[in-house]
Number of protein chains: 2
Amino acid sequence: MIAVSTEKLLYRFGNEVAEGDHSMTSLLGGKGAGLAEMTSLSVPVPPGFTITTDVCRTFLYTGELPPELDAQVQEGLRWLEDVTGKSFGDSANPLLLSVRSGAPISMPGMMDTVLNIGLNNECVWGLADVSQSPRFALDSFRRLLLMFGTVVLGMPRKLFTDAGDVAPESDANIAQLELQSLIKRYQQLYVEHTGSEFPQDPQMQLQRAVLAVFASWNSERARFYRKMNGIPDELGTAVTIQAMVFGNQGEDSGTGVGFTRNPSTGVKEIFAEFLPNAQGEDIVAGTRTPLGITELQRRMPPVYDELIRVTQRLEGHYRDAQDFEFTIESGKLFLLQTRSAKRTAQAAVRMAVDMAHEGLITQQQALLRVNPESLPEILMPQLDLSSLPAVLTQGLPASPGAAVGRIALSSPAAIALQQGGKAAILVTEETTADDIQGMAAARGFLTARGGATSHAAVVARGMGKCCITSAKNITFSHDHRYISIGGKTFREGDWLSIDGGTGRVYGGQLPTRQAAEENEALDELLAWAMEDGECAVRANADTPADATLARRNGATGIGLCRTEHMFFEGQRLRHVRTMILATNAEERVRALDILLPMQQADFEAIFRIMAPLPVTIRLLDPPLHEFLPSLEEITAELAEMHTAEDWTRCIELDAMRSRARALAETNPMMGHRGCRLSLTYPEILEMQVRAILLAALRVRGEGFDPLPEIMVPLVASEEEMRELANMIRSTAEQVELETGLSCPYRIGTMIELPRAAICASSIAQHVHFISFGTNDLTQMTYGFSRDDAPRYLDTYLQRGLLEADPFVTIDEKGVGQLIAMAIRSVRAVDPSIKIGVCGEHGGDSKSIQFFRKLGVDYVSCSPARIPVAQLAAAQSLIA
Amino acid sequence: MIAVSTEKLLYRFGNEVAEGDHSMTSLLGGKGAGLAEMTSLSVPVPPGFTITTDVCRTFLYTGELPPELDAQVQEGLRWLEDVTGKSFGDSANPLLLSVRSGAPISMPGMMDTVLNIGLNNECVWGLADVSQSPRFALDSFRRLLLMFGTVVLGMPRKLFTDAGDVAPESDANIAQLELQSLIKRYQQLYVEHTGSEFPQDPQMQLQRAVLAVFASWNSERARFYRKMNGIPDELGTAVTIQAMVFGNQGEDSGTGVGFTRNPSTGVKEIFAEFLPNAQGEDIVAGTRTPLGITELQRRMPPVYDELIRVTQRLEGHYRDAQDFEFTIESGKLFLLQTRSAKRTAQAAVRMAVDMAHEGLITQQQALLRVNPESLPEILMPQLDLSSLPAVLTQGLPASPGAAVGRIALSSPAAIALQQGGKAAILVTEETTADDIQGMAAARGFLTARGGATSHAAVVARGMGKCCITSAKNITFSHDHRYISIGGKTFREGDWLSIDGGTGRVYGGQLPTRQAAEENEALDELLAWAMEDGECAVRANADTPADATLARRNGATGIGLCRTEHMFFEGQRLRHVRTMILATNAEERVRALDILLPMQQADFEAIFRIMAPLPVTIRLLDPPLHEFLPSLEEITAELAEMHTAEDWTRCIELDAMRSRARALAETNPMMGHRGCRLSLTYPEILEMQVRAILLAALRVRGEGFDPLPEIMVPLVASEEEMRELANMIRSTAEQVELETGLSCPYRIGTMIELPRAAICASSIAQHVHFISFGTNDLTQMTYGFSRDDAPRYLDTYLQRGLLEADPFVTIDEKGVGQLIAMAIRSVRAVDPSIKIGVCGEHGGDSKSIQFFRKLGVDYVSCSPARIPVAQLAAAQSLIA
């Protein structure tokens, strides 16, 4: 039981009286507090009063209203009648009221509202006289009957809609007759359905409407909404009872909505529309075309001036762009609502930067005004959906942006389309490491399997391309030349449009909005974000192209350069396979000797772009069988060999098949990969370390100042790390001996196994830096294979068993605790060791805030996500 | 630098003088301290003195001996000459010395020894006279030359062996001549190889021998041995200089070795051999057949009596069976060595129990005397290897015991052999869940792949059968009708013998020793082990047969009953597949309704055997695709279908193929399994819970008192556990409602994911018990797939990157820390919650000791391992 103050159950506002203010949101709800605040600012609002949330709670707990309420309401009504000059229930000039809900936390559309309270069979004619519009008065009454019936009495809406309606374009006289007959039918429905007449007594209307609004707090949809949004059930709602004003009282009346700044571009200019002699719903219904706000200026200059003054004051007061509604009743301006304006990402950035320049907010506040996750909207191309195209199917929005192109059902097809100058969208079951060239050729990827951190998703984010994974209702024809998407058949070369921001797939060639090349406001905001040097954001970048983008986006280094992607390129794969098929170390070394200059050249290019910033290169990570064709492919090719000239290929394939069989693994994610490869095939490590250092030396010779960081993946124990660090150092010493040159380099390791996190302090003794590989750490900690998890993660998310996909947002309670523990133990031994994060979570703003709290020195993410990460990191510093 | 006490550098023993005792092992080494102790006990030992380890350390750090040493050695020598009546370097009756190493921790064979110091071209003839055997004297001199050359001067042994030898069977005169010429040649080798003569000066011989023994502390092999065994490098070795005694001085001399109790059976009886007029090496070389010890009793009754008295005293003193060496020189008995006797497992048990009865040791001490890991030697059949059969190949000793039988290359073949009354050994690449019937039919398993915790290994230990995994050099013919093992071809039905204790494979039918049905001593020891009620050992048991064995072995309950094995039996698999192929919940429920009574019957049988002990039943764990044939099998069968009558089967196979494809997983270990199945297919959980409770109710009706514990696998989060506990409870309520009966049951979960360990305290709030599934926890924490890890674990173990296979012995630093953390946090919230371990580690004695330290309430292991676990648990309580 919550005690109700018996002293004051309602708070008045309007006519220069404001008993509340915006600090009283929990008592008066957002709407009530806002109206009180506007009144204090001398903003003209229609007067009214707000019944507190306390009253609501009493009602909810006891089922009864406080006995003192009625007297206070009557007193409030008398005051309202005084200030409006109208009387509630007066048949000549009736005071009409709106009864609206208003919770402390906004729950848009969840609770009920009843308008036009105070009309009945008599008063409606008084309103007709006063408004000079019988049609308006009758329609208002019709609306009251409908809203009261459905909201207060729970009558089915269908009853009313089945009774017919009046066409908006009807002649005034005909409409009046039709409305009169409709009102009669509506009132009959009350008798038929509830057994009672519609209450003609305005007091009765008001009382029942208030109770209905309170009761709507516990409607099923409201409870569901609160549960989904974590809003406590015990808050309750306030009820605001407000005099209605009418913009349709003649040519000196009108109504409008507007923004203090352009909500689409953010430009500082009033952006509003106006309809003379009209009501708000006329704008919403779109039956009349609103005029530009300059028309108001022309017609009623003093009202326009007042509107500008008032809304500016509101913006200045709230220090944010406002979205407002106004009504002019007989030349008098009323503000009905003001609230923080919804805006596009672009507008949010522009407004934040402008307002900081104007001194309205600080730079830090400006940084907090933009949601980092909204930035891809600005940075990536977007589909133009104004034609309202049909959605074919939907999948996981795995990488934002949009792509429009021709369907390619395989990597070679995508390459062929690109070579023919055509945009391609790669559509496959899922992608694997050897699709990398096809992916480079395509504009976007659509896959039927895989989750938010599947291969396709990771590569897409890395390349800054759009990607949808686990799309439903996609089936591939047996020969992979046709597909069916959402029941429609497509063939290779057909147009498709995909939206990586929403996961929606559209047929055909939709128009797109390209991302602006230059964005001054964003550049300035990000410059502020980076002013505090603490917020280091590196890039995950495997290629010179990635590195260039990373540099342009202000990366402070490369936090993860995966060397295996380089192994798939062009002619290299052949040599990689020779290396894998080698039956002894000597043969392996020969193949590696061919690969060395190629890797070296890769690293040289990246070092030139990034110097003097650090470049963290991860040694070979995936199991070797990933570089071989699948057993099925080999077997299929072997089955087609009949002639003698195939002999050599046959032998080669047979060798490949035995090796692929020998290397096959039940659980490759936990198999022979990462540093386990370096320990069993030390030649591979030696080649890579050699290529890294030779590249650095070469680039130094050219006058650059590269800083290579060699990172060992999948370390589980101190013993491994000690051995691997020794192997790297001894290779480096040999390179130094051979070349007579030396360059600084660092050794580090990924912490991506639970055991590495547990033993982090002992592992860290052997390295200069550690970097959390949060993808694998999440996989192992949860025992969720990211390739397989989409099958049940959906169920988990739907049933609330997971708050978020743990591969997108770091799991703070589990994986996060492991990371926190590791950092604590490592810092205790070596407070200055550099600690990074290079999993996908390094680009997720919520995760970044968590990592910053733990004292991580840098995060590393896809080049395209760098702005997101920079902003998120800056915000976490401010918070 | 370690300070050396300048006061006392050597300690005398013998002739009733004992300057040291057995507590001074770190100063005098094991040998020196033991000789001193024997002297104190008035055991006759040849006199001598021990130079301390302090001297060794000084030498090792400074390269020089302390200046005071020489004077003390000379003083010691004079004392030795006094008590022996011989003179060092005397040409008539020379005192000969042995110079032996003796470290504080035994390092057998790692350091050097020089015997017969004091002989030269002159003294040798004195010894010949005294010993009446020129051949013995010359041979002793030859040995001194060889040992001194190789050990002290580092001459290659090959130099000496190339110089020839004297045949043992040579006539005495011929041998004497040959020895003289050999001694001449040996002395020439010294000049040729070192440029100097062999030092004829006995003092010089002694000094250099002592230095050589000290130096051998730092030999490569000694350093390697210490590193492997964790012995600190700074201990150093002592050097014992002792008068040599000779058992070959005539018929009143002799030598022998023996045990105070039978080292093979443990029976309390002297077990010794004796050779008159002989030296110790004659027994070792086997050139003469030793006599039973009764012969000594017959020939020299007083000496025999003294020997019995002395060795009894030693056993009483050391409170353990002794292994001793003795020499009789002219009627005088000398003990040369005594040490704790090596013994078989059976002897260890018998001795421990007997000695406790004799009051020599307490029951607790008796429990500590037996290595739990040695018990399988008693409990399982063993190969009789007395014919020294050739080893075909070797693999991982995955489950102990031995098996002899005919090769079966598939499960059906094993079943056919068994049905034909023949013993089968199943030889396959690896086994899978659907081999379970073939495995039940076979005596033992030999696989070419998989580690110590592969399917074959786990099932073998569960069934108490012998198993070798990852055997090298096994190849299977294309049609799987032949195999090659170590280069030899075998076909199905050929005999094979395998030793699961050593991992060795032999061709043919070797004889075996069966394990004794009754073993009173072991039963008594285990009864003591279980006397303290705290040591709860449960069994992992899936079948009534397992349960019966578990009960017989004294299990306190079943800690893990896997329900999936039941799904493979007989006709059930067909219904399981129908359930999997179901496309909706309704069809699935229909198939489950058929399976329910089968599962219920399984549980009833187990409850009857175990009541009133708890039976922990794990809900379905493996991914569903494990129950379907592999894609390859389906495709192969489809390829062979041509006729019309195959039509139905074709459709069935095609459906199975689509489902198998849809269910295929990249990393099944981290896939759609465990409680994820229960959450996505709640019907399966409902069927299993229903079967468990209906079974319990039925058995209660029969007057039993069953206690089912329902265990949920692979839980990762509190949210899952809350939901699953609700599902179980609501099914139980329904059963109660339907039957009107109720029975007690408990809900628990496995902690087998790192995240579950991290979040254990919140998960534990929803259960009555938790049980660590250490197999999966080890897999996930290390990121080691146990199916794939054998490829690199070998390398890891060989290179010292792992101390032990983490799937056999719990990894205390990593996985163990996670368990410790989980237990701490769970106990903090609920001190009384029951905590168990049901992974393979529950049967490993070292792991059990670790778990007990953490406060685990019970461990659960294969029924056959129960005695091991009981003993290990009891030991951990004592420690």
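Conventions and cut-offs
- Residues numbered from 1 in each chain as written.
- Chains lettered and ligands numbered in written order.
- Predicted model: local features only at pLDDT ≥ 70, side-chain atom pairs only at ≥ 80, totals over all residues.
- Heavy atoms only, no water.
- Helix = DSSP H or I, 4+ residues; strand = E, 2+ residues; numbered from the N terminus.
- Buried < 20%, exposed > 50% of the residue type's maximum accessible area, 1.4 Å probe, protein only.
- Contact = heavy atoms within 4.5 Å.
- Areas by Shrake-Rupley, 256 points an atom, 1.4 Å probe, with all protein chains shown as cover.
- Lys, Arg positive; Asp, Glu negative; His and termini not counted.
- Charge placed at Lys NZ, Arg CZ, Asp CG, Glu CD.
- Axes fitted to C-alpha atoms, helices over the stretch in contact; angles between N-to-C directions.
- Parallel < 35°, antiparallel > 145°, perpendicular 65-115°, else oblique.
- Left-handed = near helix turned anticlockwise from the far one by under 90°.
- Nonpolar A, V, L, I, M, F, W, Y, C, P; charged D, E, K, R; others polar.
- Salt bridge = Lys/Arg side-chain N within 4 Å of Asp/Glu carboxyl O.
- Pairing = 2+ DSSP bridges.
- Patch = residues over 30% accessible without salt bridge, like charges linked within 9 Å, V, L, I, M, F, W, Y side chains within 5 Å.
- Right-handed = clockwise from strand over helix to strand, strands pointing away.
- Phe/Tyr/Trp six-rings, centres within 6.5 Å; stacked < 30°, edge-to-face > 60°.
- Buried area = accessible area lost by both parts, 1.4 Å probe.
- Polar contact = N/O pair within 3.5 Å; in protein donor to acceptor, adjacent residues only side chain to side chain.
- Least-squares fit on C-alpha atoms with pLDDT ≥ 70 in both.
- Expected span 1.5 Å × (residues − 1).
- Core = buried A, V, L, I, M, F, W, Y, C linked by side-chain atoms within 4.5 Å.
- pLDDT = per-residue confidence, 0-100.

### Regarding the overall build of chain A
Item 1. Per the secondary structure count, chain A includes 35 helices and 32 strands.
Item 2. Expressed as lengths along the three principal axes of its C-alpha atoms, the size of chain A is roughly 105 × 60 × 55 Å.
Item 3. Taken across its 879 residues, chain A has 57% of its residues classed as buried.
Item 4. Within chain A, contacts between residues separated by at least 24 positions form 67% of all contacts whose residues are at least 6 apart in sequence.
Item 5. A total accessible area of about 35,500 Å² is found for chain A, and carbon and sulfur atoms account for 50% of it.
Item 6. Charged side chains in chain A number 80 positive and 108 negative. The centres of these two groups are separated by 1 Å.

### Brief notes about unusual backbone geometry
With the exception of glycine, the majority of residues adopt a negative phi angle, and the majority of peptide bonds are in the trans configuration.
Item 1. In this chain, A611 of chain A is followed by P612 of chain A through a cis amide linkage whose omega measures 5 degrees.
Item 2. Mapped onto the elements of the fold, P612 of chain A is located in the loop between α23 (585–610) and β27 (614–618).
Item 3. Even without glycine at this site, N15 of chain B takes up a positive phi of about 55 degrees.
Item 4. Its place among the elements puts N15 of chain B in the loop between β1 (10–14) and β2 (17–18).
Item 5. One non-glycine residue with positive phi stands out, namely E16 of chain B, at about 65 degrees.
Item 6. Positionally, E16 of chain B belongs in the loop between β1 and β2.
Item 7. Residue E16 of chain B is classed as exposed on the basis of its relative accessible area of 78%.

### Quick word on the packing of helix α34 (residues 845–853) of chain B against helix α35 (residues 866–878) of chain B
A pair of packed helices can be characterised by two numbers: the angle between their axes and the separation between those axes.
All names here are of chain B.
Item 1. At a closest axis distance of 9 Å, the pairing of α34 and α35 adopts a crossing angle of 45 degrees. The orientation of α34 relative to α35 falls into the category oblique. For the crossing formed where α34 meets α35, the hand is right-handed. In this structure, α34 contributes S845, I848, Q849 and R852 to the contact, and α35 contributes A869, A872, A873, Q875, S876 and L877.
Item 2. Residue classes in the contact of α34 with α35 are distributed as 5 nonpolar, 4 polar and 1 charged.

### Some points on the pattern of salt bridges
Item 1. Summed over all chains, the structure comprises 81 salt bridges over all chains.
Item 2. Here K813 of chain B and E719 of chain A are joined by a salt bridge, their closest N and O atoms 3.5 Å apart. With K813 of chain B in the loop between α32 (790–798) and α33 (815–829) and E719 of chain A in helix α28 (residues 718–739), this residue pair bridges two chains.
Item 3. Under the relative-accessibility criterion, K813 of chain B is labelled partly exposed at 48%.
Item 4. A salt bridge links R865 of chain B to E373 of chain B; its shortest N-O distance comes to 2.9 Å. Residue R865 of chain B is located in the loop between β32 (858–861) and α35, and its partner E373 of chain B is located in the loop between α14 (363–368) and α15 (376–379); the two are separated by 492 residues in the primary sequence.
Item 5. On the basis of relative accessible area, E373 of chain B is assigned to the partly exposed category, the value being 32%.
Item 6. It is possible to trace a salt-bridge network through shared partners that takes in E564, R618, D621, R673 and D776 of chain A.

### A word on the sheet that holds strand β26 (residues 558–562) of chain B
Residues and elements named next belong to chain B.
Item 1. Strands sit in the order β25-β26-β27-β28-β29-β30-β31-β32 around a closed barrel of 8 strands; the barrel is parallel. When the angles between neighbouring strand axes are averaged without regard to direction, this sheet yields 30 degrees.
Item 2. By the bridge criterion, 5 bridges tie strand β27 (residues 614–618) to strand β28 (residues 707–712) in an arrangement that is parallel. In the strand pairing of β28, V615 is matched with P708.
Item 3. Sitting on the sheet, α35 is in contact with β25 (536–540) and β32, with an inclination near 155 degrees to β25.

### A short note on a negative patch on the surface
Item 1. A surface patch of like charges, here negative, comprises D434, E626, E632 and E633 of chain A together with D434, E626, E632 and E633 of chain B.
Item 2. Elements that contribute at least two residues to the negative patch include exactly α24 (631–639) of chain A together with α24 (631–639) of chain B.

### Brief notes about the side chain of E683 of chain B
Item 1. Positionally, E683 of chain B belongs in helix α27 (residues 682–701).
Item 2. Every residue in contact with E683 of chain B, bar those within four places of it in the chain, is listed here: A585, R588, V589 and L592 of chain B.

### A closer look at the pairing of β25 of chain B
Each regular strand carries side chains that alternate between the two faces of the sheet.
All names here are of chain B.
Item 1. With 5 of 5 residues buried, β25 is to be regarded as a mostly interior element.
Item 2. Bridging between β25 and β32 involves 4 bridges; their strand directions are parallel. If you follow V537 over to β32, its bridge partner there is V859.
Item 3. Direction of pairing for β25 relative to β26: parallel, over a ladder of 2 bridges. Considered in β26, the bridge of N540 is made with L560.
Item 4. This β-α-β element, β25 to helix α20 (residues 544–552) to β26, shows right-handed connectivity.

### A word on the packing of aromatic side chains
Item 1. Summed over all chains, the structure comprises 32 aromatic pairs over all chains.
Item 2. Where F784 of chain B meets Y796 of chain B, the ring centres are 6.3 Å apart and the plane angle is 90 degrees; that geometry is what we call edge-to-face. Here F784 of chain B is found in the loop between α31 (774–782) and α32, whereas its partner Y796 of chain B is found in helix α32, with 12 residues between them in sequence. Assigned by exposure class, F784 of chain B and Y796 of chain B land together as buried.
Item 3. Three or more aromatic residues joined by ring pairs form one cluster here, namely F141, F148, F160, Y186, Y190 and F198 of chain A.

### With respect to the interface of chain A and chain B
A common way to state how big an interface is: give the accessible area lost once the parts meet.
Item 1. Taken together, the 50 residues of chain A in the interface contact 50 residues of chain B.
Item 2. For the chain A and chain B pair, buried surface summed over both sides reaches about 4,400 Å², with 53% attributable to carbon and sulfur atoms.
Item 3. The three residues of chain A that bury the most area against chain B are M670, R755 and L801 of chain A, which together make up 15% of that side's buried surface.
Item 4. The interface formed by chain A and chain B includes 6 salt bridges.
Item 5. Connecting chain A to chain B are 32 residue pairs in polar contact (both at pLDDT 80 or more).
Item 6. Looking at side-chain class alone, the side of chain A that touches chain B contains 22 nonpolar, 14 polar and 14 charged residues.

### What to know about the relation of the copies chain A and chain B
Item 1. Laying chain A over chain B is done by rotating through 178 degrees and shifting 0.1 Å along the axis; what remains is an RMSD of 0.5 Å. Put plainly, the chains are arranged around a two-fold axis.
Item 2. Take the interface residues of chain A: 100% of them recur as interface residues in chain B, which is what a same-surface contact looks like.

### Examining the side chain of E720 of chain B
Item 1. Inspection of the secondary structure puts E720 of chain B in helix α28 (residues 718–739).
Item 2. R676 of chain B provides the closest opposite charge to the buried, salt-bridge-free E720 of chain B, at an N-O distance of 4.8 Å.

### Observations regarding the packing of helix α31 (residues 774–782) of chain A against helix α33 (residues 815–829) of chain A
Residues and elements named next belong to chain A.
Item 1. Between α31 and α33, the least distance of the axes is 9 Å, while the angle of their chain directions is 115 degrees. Here α31 and α33 pass one another in a crossing that is right-handed. Taking contact as the criterion, the partners of T774, L777, T778, T781 and Y782 in α31 are, on α33, V815, L818 and I819.
Item 2. Taken together, the residues of the contact of α31 with α33 sort by class into 5 nonpolar, 3 polar and no charged.

### Structural notes on helix α27 (residues 682–701) of chain A
All names here are of chain A.
Item 1. Under the 1.5 Å per step criterion, the end-to-end length of α27 is 28 Å for 20 residues, consistent within 8% with the ideal 28 Å.
Item 2. The buried count for α27 comes to 14 of 20 residues, which makes it a mostly enclosed element.
Item 3. At the exit of α27 stands G703, carrying a positive phi of roughly 100 degrees.

### Examining the nonpolar core
Item 1. The biggest cluster of nonpolar side chains holds 257 residues, and the ones touching the most others in it are F772 of chain A together with F772 of chain B.
Item 2. Those residues in contact with F772 of chain B that lie beyond four places of it in its chain are I751, L777, I819, A822, I823, I835, G836, V837, C838 and G839 of chain B.

### Considering the confidence of the model for chain A
Parts of the model with low pLDDT should not have their predicted coordinates read in detail.
Residues and elements named next belong to chain A.
Item 1. Across chain A, pLDDT averages 90, with 97% of residues at or above 70.
Item 2. Under a pLDDT of 50 for its full length, residues 1–5 has, in the predicted model, 8 contacts with residues more than four places off or in other chains.
Item 3. As scored by the predictor, the complex reaches a pTM of 0.81 and an ipTM of 0.81.

### Overview of the sheet that holds strand β18 (residues 466–469) of chain B
Residue and element names in this part refer to chain B.
Item 1. One open sheet accounts for 8 strands, arranged β13-β23-β22-β15-β16-β17-β18-β14; its pairing is mixed. Each edge of the sheet is formed by a strand with only one pairing partner; in this case those strands are β13 (393–394) and β14 (396–399).
Item 2. The sheet contact formed by β13 and strand β23 (residues 504–507) spans 2 bridges and is antiparallel. In the strand pairing of β23, Q394 is matched with R504.

### Let's talk about the pairing of strand β15 (residues 402–408) of chain B
Residues and elements named next belong to chain B.
Item 1. By the criterion of burial, β15 is predominantly enclosed, with 6 of the 7 residues buried.
Item 2. Taken together, the 5 bridges between β15 and strand β22 (residues 495–499) define a ladder with antiparallel strand orientation. Looking at the pairing, V404 lines up with S497 of β22.
Item 3. In the sheet, β15 pairs with strand β16 (residues 424–428) via 3 bridges, with the strands oriented parallel. Across the sheet, I407 pairs through a bridge with I425, a residue of β16.

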